[in-house]
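Chains, contacts and geometry: an overview
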Amino acid sequence: MLRQDHYKTSVYKTPFHERTSELNILNEWSRWKDYTVPTNYFRTDLEYFSVRNTTGVIDYTPMVKQKITGPDAAEFVNRFFTRDMNKIAVGRVGYVVWCDEAGQVIDDGTVFHIRENEYWLLCVERQIDNLENSAIGFDVKIEEITDDIACLGIQGPTSCSILKAIGFEGVEHLKPFDIKHYDFQGHEIIISRTGFSGDLGYEACMANDAALSFWDALFEKGKIYGIQPFGLDALDLVRIEAGLLVPGHDFMVAEDAIRPGSTRSPFELGLSWLVDLSKPVFNGREALIEEKKRGSRYTFVKLNINGNKPAEGAYLYNQSGKKIGNVTSAMFSPSAKANIAYASLHDPWKKGKDKIIAEIYYQKDLEWNKVMEEATIVTKPFFDPERRKVTPAELY
Amino acid sequence: MTRKNRNIAIIGGGHNSLVSAAYLAKAGFNVELYESRSEVGGMASTKELVDGYKVPGVAHLLHQTDTKIHKSLNLNKHGLAFAASGLKTISINPNGNALIFDDDTVTGDDITMKEQEEYKEFRQTMKKLSGFFKKSYQTAPPRLGSNESKDMTRLMSLGWNLRSMGKDAMRQMLKYIAVNIHDVLNEFIDHEHMKGSIALDALLGNRLGPRTNNSVITFLHQLTGDLNGVQGSYAIPEGGMSSYTQALQKAAESAGVKIHTNSPVKQIDLNEENKITGLILESGEKVNADIVVSGIDPRSTFMCLVGPKNLESHYVHKISNIRMRGNTSKLHLALSGLPKFKGVEQEDLGHRIINAPSMKYLELAHDHTKYGECSDQLPMEIIIPSIHDKTLAPKGHHVLSAVVNNTAYELKDGWDQSNPVVLESCLNQLEEMAPGIKGLIVHAELLSPKDIEEEYGITGGQWHHGELTFDQFLMLRPIPGKAQYNSPIESLYLCGAGSHPGGGLMGLAGRNAANEIISKES
């Protein structure tokens, strides 16, 4: 059930708020949907490095969570999402996108195949309306459970050791995208080997009542493993390195777009691998087949840009000074030791022929400077440590 | 693959299906048609009311038809003849002063010469405007945003049809198209009884009041048809309404169509790739087909026979939002003698009698509809077909068939409870119009929109397979983006009144669909 007392408060506190507010010494907060969560706790770069070197913990309770149950749940998700959902067995998680009738991406998220006939969709934008509209003719029940479930991301090389130390037996045997149900002090906790960091990491979903005791156990056992909380700013850095897109940042949520041409299809976001056109039917299929025939308007690329100035929001030009695209996300990556970015390219850019030159503005003592830096397309992930994939996971 | 070895299965045996079947068979396809009832014809058929008395099933007048189709299918040769044609319309009122409409002339009810002129001017204007519709009804509507030359040509011809009407008519079209018949009639005519009588034509079969916008479109729509070249003319076929569809059946059969009656279709059979493989009948029999053409309404086709799971959700959403609210019932009476209607000469009883004494009367009836009620002052279109066709009733006896408007599908009290109440109310109203008629009744029945839905399998009992409104018209019919008789399922087509140009007995949806299929599947 969604909370109904929104009129009493401008934002909700998550079930972890008592702890996160103690640790948030900068007192910097961001609104995320109906909730408030820390932007930074103490220093963005140190929070970032805790994820990369030890373990960082993020409260992502505000993530919109929808539960789909019923005898037709499997058929339903297979028609709703673009990829073949039959491949996501019980106890597995899949990254998904879904489209409107024009084949434009509405949002992305992860689907947890929790049990037989039960899926959870975790995503940025509320989808209850789309899911309900899509449910005509299916024997399914759709519920939004955002306010009922507390979620933590536990990300970093020592994350598995901490969970094991708490007593989650066999957690190291979870393969990437596996789910396991645990009992924690009488509460069910769902632990999955997933996350935004591109590194070894887990996510834990639990009933709100279990939140504080789980947090306490985590930080008590995690102390010797270098556990630290991290906020949204550090999250943005790790997710760029990990190669993950954010709706409303790297692409327009199709339903929020005002201008024609500002939305993107999965093909135009480099997500062809998430589209299975051999499925007989799914939302957006007809339009995507048409796009295959006609060709796409945009190409989504990862860039390695010369210099060290982050190219956030930069215009991209070719060698003859024609605008060929925009940067959607950018950072100087400490782990890749490179100036990295995501970009959406369009005509007249020609693959393999045209140069990509970023127009980057940066500030020095209040004064804006500009550099034009050449960029090259990167096809491999920016950050992809072996430990991300190894099972059993590394223990310390 | 040649057309010869391609099999087409057609679902439903209404007039549009029969027309489509005939054209497709003539083009060389193997066509088989599956009808759930024991005879074809759908709503244009004759049925037994009670022992010895037969009545037209739903449609009781041949009105909005297409002469071109009649000629090219040679319907006269296949037995279509008229027991009566060029019927006059006699509009009664409680004072017993009937108005008599005969094509462009009107007499009776103290009508002045000026008012006669007003009527003529109105009628001629409307006929001219409906000419635009008539032309655009002859082909599939264009696909908007398409670069294909066929669509460009159709879009241009739509524009050209409008432009070529001339400046004045084009202005009138733009002025009247989106408004209501009430305002337009007030602009042309003063005579209240006359206005009510004309307005009824915009409302019959629809869920509108005279002041509802869209009612000009429905008025122009019913004027598009012609009979023997006379626009807006009424006729009764010899041998009852069935003989019209029987002529179509013979035309289809002589072209090589195989017709299966008592063969209700359970589902359109798709393989794992959602490609058509044929039909599955209620009997369990599997029918193989390369192409399936559905003459039943779009909602039933997709929601029942294809199934929402096999369609993208936006399509399901749009199909389930087609407005299909039936509003019209059929009243059938077996009578032991000929009734006497107030103000109607006995020799005129064979004509079309209507009860629509004023626009206010119609609007008030619609007010009840809006709130799920049924007025006790209902508009009606009444005919006594047994005057023209002696086979319908025992000697000296008669049958009366009336279209009763403003009897909403969604009645607050439900039809099970309301049917006897509405029937009794109709009989009382008839007694007012024709004193003594109740004493002649041998048998009476009221087919509510719910009964029509059940008997003929039309969602909502909506005659037009989808209300004929501006947003469900031309390239928006049945839904925007899929108005060329096609569907998201390859080789599944629609040929019923739910597609452009909609209802009536034109058969144009059937013929246009056949032309589309011939060009796409050859």
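Conventions we followed
- Residues numbered from 1 in each chain as written.
- Chains lettered and ligands numbered in written order.
- Predicted model: local features only at pLDDT ≥ 70, side-chain atom pairs only at ≥ 80, totals over all residues.
- Helix = DSSP H or I, 4+ residues; strand = E, 2+ residues; numbered from the N terminus.
- Rg over C-alpha atoms; globule rule 2.2 N^0.38 Å.
- Contact = placed C-beta atoms within 7 Å.
- Buried ≥ 20, exposed ≤ 12 C-beta atoms within 10 Å, placed from the backbone.
- Pairing = 2+ DSSP bridges.
- Axes fitted to C-alpha atoms, helices over the stretch in contact; angles between N-to-C directions.
- Core = buried A, V, L, I, M, F, W, Y, C linked by C-beta atoms within 7 Å.
- Expected span 1.5 Å × (residues − 1).
- Arc of directions from axis to C-beta.
- Parallel < 35°, antiparallel > 145°, perpendicular 65-115°, else oblique.
- Left-handed = near helix turned anticlockwise from the far one by under 90°.
- Nonpolar A, V, L, I, M, F, W, Y, C, P; charged D, E, K, R; others polar.
- pLDDT = per-residue confidence, 0-100.

1. With respect to the overall build of chain A
- In terms of regular secondary structure, chain A is built from eight helices and 20 strands.
- Here the C-alpha atoms of chain A give a radius of gyration of 21 Å, agreeing with the 21 Å that 2.2 N^0.38 yields for 396 residues.
- Dimensions of chain A along its principal axes, counting C-alpha atoms only, are 65 × 55 × 45 Å.
- A separation of at least 24 residues holds for 68% of the contacts in chain A among residues at least 6 apart in sequence.

2. Examining the overall build of chain B
- In terms of helices and strands, chain B carries 15 helices and 22 strands.
- Over its C-alpha atoms chain B spans a radius of gyration of 22 Å, differing by no more than 12% from the 24 Å that the globule rule assigns to 522 residues.
- Its C-alpha atoms put chain B at 65 × 55 × 45 Å along the principal axes.
- Burial statistics for chain B: of 522 residues in total, 56% are counted as buried.
- Look at the contacts in chain B between residues 6 or more apart in sequence, and 73% of them connect residues 24 or more apart.

3. Some words on the interface of chain A and chain B
- Counting residues at the interface gives 14 residues for chain A, matched by 15 residues for chain B.
- Of all the secondary structure elements, the ones that give two or more residues to the side of chain A that touches chain B are helix H3 (73–80), helix H4 (128–134) and helix H8 (285–294) of chain A.

4. Notes on the sheet that holds strand E9 (residues 141–144) of chain A
All names here are of chain A.
- An order of E6-E7-E8-E5-E9 is seen for the five strands of this open sheet, with the pairing classed as antiparallel. The open sheet is flanked by strand E6 (93–99) and E9, the only strands paired with a single partner. Averaged over all pairs of adjacent strands, the angle between strand axes in this sheet comes to 25°, irrespective of strand direction.
- Sheet analysis places E6 next to strand E7 (residues 105–115), joined by seven bridges and oriented antiparallel.

5. Focus: the pairing of strand E13 (residues 201–207) of chain A
All names here are of chain A.
- The element E13 is largely enclosed, with a buried count of six among its seven residues.
- As judged from the seven bridges shared by strand E10 (residues 149–155) and E13, these two strands associate in the antiparallel manner. Within the sheet, the bridge partner assigned to Gln155 lies in E13 and is Gly201.
- Both strand E12 (residues 187–192) and E13 contribute to a ladder of four bridges, which runs antiparallel. Looking across to E13, one finds that Ser192 is bridged to Glu203.

6. A closer look at unusual backbone geometry
- With an omega of 5°, the peptide bond between A:Asp347 and A:Pro348 qualifies as cis.
- Of note, A:Pro348 is situated in the loop between strand E18 (338–345) and strand E19 (356–364).
- The amide bond that connects A:Thr391 to the next residue, A:Pro392, takes the cis arrangement and shows omega of -5°.
- Even without being a glycine, B:Asp110 presents a positive backbone phi close to 50°.
- When you line up the elements, B:Asp110 lands in the loop between strand E8 (105–108) and helix H3 (113–136).
- Non-glycine residue B:Tyr485 carries a positive phi angle of around 70°.
- Take B:Tyr485: there are 27 C-beta atoms within 10 Å of it, and that puts it in the buried class.

7. With respect to the nonpolar core
- Counting residues in hydrophobic clusters, the biggest one holds 153 residues, and the most contacted among them are B:Ala21, B:Ala22, B:Ala199, B:Leu248, B:Val292 and B:Val399.
- In terms of residue count, the dominant contributor to this core is helix H1 (residues 15–26) of chain B (seven residues).
- Ignoring anything within four residues of it in the chain, the contact list for B:Ala22 reads B:Leu73, B:Leu248, B:Ala251, B:Ala252, B:Ala255 and B:Val257.
- Counting 107 residues, the second largest nonpolar core, distinct from the first, contains A:Tyr48, A:Ala73, A:Leu245 and A:Ala311.

8. Some words on helix H13 (residues 415–433) of chain B
Residue and element names in this part refer to chain B.
- With 19 residues, H13 extends 25 Å from end C-alpha to end C-alpha; this agrees with the ideal 27 Å at 1.5 Å per step.
- Those residues of H13 lying buried are Trp415, Ser418, Val422, Cys426, Leu430 and Met433. Axial view of H13: buried residues confined to an arc of 110°, hence all on one face. Across from the buried face of H13, at angles greater than 90 degrees, the exposed residues are Gln417, Pro420 and Asn428.
- On its buried side, H13 packs onto strand E6 (89–92), strand E17 (329–335), strand E18 (352–355), strand E20 (398–404), strand E21 (441–447) and helix H14 (449–456).

9. Describing the packing of H3(B) against helix H4 (residues 149–163) of chain B
All names here are of chain B.
- For the pair H3 and H4, the least separation of the axes is 9 Å and the interaxial angle reads 160°. Viewed along their axes, H3 and H4 adopt a mutual orientation that is roughly antiparallel. Pair H3 / H4 crosses with right-handed handedness. Contacts between H3 and H4 involve Phe132, Lys135 and Ser136 on the former and, on the latter, Leu158, Asn161 and Leu162.
- Among the residues making up the contact of H3 with H4, the classes are represented as three nonpolar, two polar and one charged.

10. Things to note about the packing of H1(B) against helix H9 (residues 242–254) of chain B
Residue and element names in this part refer to chain B.
- One way to put it is that H1 packs onto H9 with a least axis distance of 8 Å and a crossing angle of 20°. What the angle tells us is that H1 and H9 run roughly parallel. Handedness of the crossing formed by H1 with H9: left-handed. Residue-level contacts link His15, Leu18, Val19, Ala21, Ala22 and Ala25 of H1 to Thr245, Leu248, Gln249, Ala251 and Ala252 of H9.

11. Observations regarding the environment of A:Thr110
All names here are of chain A.
- Relative to the elements of secondary structure, Thr110 occurs in strand E7.
- Separated by 84 residues in sequence, Thr110 and Thr194 place their C-alpha atoms 9.3 Å apart.
- Not counting residues up to four positions away in its chain, the partners in contact with Thr110 are Val93, Gly94, Tyr95, Val96, Leu122 and Thr194.

12. As for the sheet that holds strand E3 (residues 35–40) of chain A
All names here are of chain A.
- The strand order across the open sheet built from three strands is E1-E3-E2, with neighbouring strands paired in mixed fashion. The open sheet has two edge strands with one neighbour each: strand E1 (12–13) and strand E2 (28–32).
- Pairing of E1 with E3, which is carried by two bridges, proceeds in the parallel orientation. Bridge pairing links Lys13 to Thr36 in E3.

13. Points about the environment of B:Gly510
Residues and elements named next belong to chain B.
- Of note, Gly510 is situated in helix H15 (residues 508–521).
- The spacing of Gly510 and Thr277 is 233 residues in sequence and 22 Å in space, taken between C-alpha atoms.
- Residues within four places of Gly510 in sequence aside, it is in contact with Asn16, Ser17, Val19, Ser20 and Cys495.

14. Description of H1(B)
Residues and elements named next belong to chain B.
- The first and last C-alpha atoms of H1 sit 16 Å apart over 12 residues, in line with the 16 Å expected at 1.5 Å per residue.
- The buried count for H1 comes to 11 of 12 residues, which makes it a mostly enclosed element.
- Every buried residue belonging to H1 is among His15, Asn16, Ser17, Leu18, Val19, Ser20, Ala21, Ala22, Tyr23, Leu24 and Ala25, and all of these are buried.
- One or two steps after H1, the chain reaches Gly28, where phi turns positive at roughly 110°.

15. Considering the confidence of the model for chain B
- Averaged over every residue, the pLDDT of chain B is 93; the share at 70 or more is 100%.
- Taken together, the chains of this predicted complex give a pTM of 0.91 and an interface ipTM of 0.89.

16. Considering the environment of B:Ser17
Residue and element names in this part refer to chain B.
- For Ser17, the location among the structural elements is in helix H1.
- Taking C-alpha positions, Ser17 is 9.7 Å from Tyr34, a pair spaced 17 residues apart along the chain.
- When sequence neighbours within four positions are dropped, the list of residues in contact with Ser17 reads Ile10, Gly12, Leu33, Gly295, Cys495 and Gly510.

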